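Now for the letters of each chain:
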Amino acid sequence: MAKITRKIGLSLGADICWPICYEEILKRLDLNIEFEGDTLSFESSRLTIEPFSLRQSCQYEVVIDRLTHWYHTSREWIKKSIVMDDLYVFNNPWTLQSMEKHTSYSAMMRLGMSVPDTWLIPPKSYLETPDLQPTLSRYARLFDIGKVGESLGYPVFMKPYDGGAWVGVSKIDDSETLTRAYDESGTRVMHLQKAVLPFDCFVRCVGLGPQVRIVNYKPDAPLHDRYGMEENFVSAKEEKLLRDMTLVINAFFGWDFNSCEALRRDGNWNPIDFANGCPDSQVTSLHFHFPWLIKANLRWSIFCAATRRNMRLNLDWPEYFAIADSDLSFEEKLAKYVARAEERFETDRFEEFCSKHLSHLDDVADEFFGTDIAMDAVRQKVEALFPAHEIDEFTELFWQRIQNSRTTAASTHA
Ligand SMILES: Nc1ncnc2c1ncn2[C@@H]1O[C@H](COP(=O)(O)OP(=O)(O)O)[C@@H](O)[C@H]1O
Ligand SMILES: [Mg+2]
């Protein structure tokens, strides 16, 4: 029996609070897991940015990555480590790079989800390149954007086909505003999407491996109040549907950590934004839900590192499409997709692993979230985002919400 240390790397950018909590709880767990004949302990460290040889070996079993979507040096290090050393990464860097919102809409439409009707519009203007004029003069058809708006039916949303962080998103109520918004959209390639309005519920479903948390999201509230703290705000049936849709999306694209937005109108859930491979993890947004996120991240990363989980390098989309193309009802198809997703995320094995090896995690984390180190992590994040005169007030607000979540968790356990 060998004693082995499995290393977990954190590839970080502006993150402040969650890594501190993750690292501290991992230490406090003090794991010595008997697994397949070995004794496993776990260590985390932060990846640095520096020149690397493509033949450099990789010390990590798992990397939790927060940079791939914009920092290319880290993305390429991650890719070469997967290819050369079988590194496991949340999230798959190739699908994250290539499956923007547009592909995610198309694929989930094919699976039968009720993504609102969406059009893609060629950009209003271009950066000059040598082949641009011949290409456009031969093939670009003049079009009336007002007709697209009419065929969708107002209101519509104009938003970048590869968007994120609400940049360049506008709600449009008539053809005049549409023309103006298009004129102002410049070189960005835009979607026009039928609005799901009025909606009576907006959810963000945060998935981490097979774990999903459904949060009541309030897009019009100030940033610190957008993640609602209500419980049981959807029925058990809806909760299952939302979990199922999130699992399928995440398994389909190879995203271990992703958040999916859906809007409910007339009793139907419409997914509108579900290619978010670097979900908000900050205590200043998540507050009440922050301990859940840290615990879910720890469970899934420890499971992946212990079991030396394989990255899935080739996508198995044809198998999903075969189900999609069958004569089954959407509910029946969804059940089949979910079975594939649960298999992909090894839900049963994961749950067994957690109850056998991580049964103390809830208590260790709960105790940690009452410590000065946790309080300081909250303060550090608040200091980075809020003006000086609001630091005390908001540190206290987020801290109290974390304390409420500890009480709620304790009462649910009882
Ligand atoms: N089809 C839609 N119906 C209603 N609201 C929408 C729709 N599309 C976008 N929105 C609103 O605009 C916001 C940003 O759009 P979203 O697609 O989530 O882009 P991003 O990727 O930038 O977050 C959403 O959170 C929602 O409030
Ligand atoms: Mg969004």
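Since we're looking at a predicted model, the values are computed, not measured. (Residues numbered from 1 in each chain as written. Chains lettered and ligands numbered in written order. Predicted model: local features only at pLDDT ≥ 70, side-chain atom pairs only at ≥ 80, totals over all residues.)

1. Observations regarding the sheet that holds strand β5 (residues 88-90)
Quick note on the threshold: Here a strand pair is declared whenever DSSP counts at least two bridges between the two strands. Here a helix means four or more residues in a row that DSSP labels H or I, a strand means two or more in a row labelled E, and each is numbered from the N terminus. Lines fitted to C-alpha atoms define the axes, with helix axes restricted to the stretch in contact, and inter-axis angles between N-to-C directions lie between 0 and 180 degrees.
Here we have five strands laid out as an open sheet, ordered β2-β3-β1-β4-β5, and mixed in their pairing. Each of the sheet's edge strands pairs with one partner strand only, and the pair in question is β2 (33-35) and β5. Pairwise comparison of adjacent strand axes, ignoring direction, gives a mean angle of 30 degrees for this sheet. Where strand β1 (residues 3-11) meets strand β3 (residues 38-46), eight bridges bridge the pair, whose relative direction is parallel.

2. Observations regarding the packing of helix α1 (residues 17-29) against helix α10 (residues 290-307)
The geometry of a pair of packed helices is captured by two quantities: the angle between their axes and the separation between those axes. Condition: We call two directions roughly parallel when the angle between them is under 35 degrees, roughly antiparallel when it is over 145, roughly perpendicular when it lies between 65 and 115, and oblique otherwise. Take the far helix as your reference; a near helix turned counterclockwise from it by less than a right angle gives a left-handed crossing, and one turned clockwise gives a right-handed crossing. It is the C-beta atoms, placed from the backbone, that decide contacts: two residues are in contact if theirs lie within 7 Å. Charged residues are taken to be Asp, Glu, Lys and Arg, nonpolar residues to be Ala, Val, Leu, Ile, Met, Phe, Trp, Tyr, Cys and Pro, and polar residues to be all remaining types, Gly included.
For the pair α1 and α10, interaxial distance at closest approach is 10 Å and the crossing angle is 55 degrees. In terms of axis orientation, α1 runs oblique to α10. For the crossing formed where α1 meets α10, the hand is right-handed. In this structure, α1 uses Trp18, Cys21, Tyr22, Ile25 and Leu26 to contact α10, whose residues at the interface are Leu293, Ile294, Asn297 and Leu298. Residue composition of the contact of α1 with α10, by class: eight nonpolar, one polar and no charged.

3. Some thoughts on the site of ligand 1
For clarity, the cut-off: Each residue receives a C-beta atom placed from its backbone. It is near a molecule or strand if this atom lies within 6 Å of it.
Within the structure, ligand 1 sits among 18 residues, and Phe157, Ala195, Val196, Pro219 and Asp273 are positioned closest to it. Within the residue set of the shell around ligand 1, elements represented by two or more residues are β7 (156-160), β12 (257-265) and β13 (268-273). Taken together, the residues that form the shell around ligand 1 break down as twelve nonpolar, three polar and three charged.

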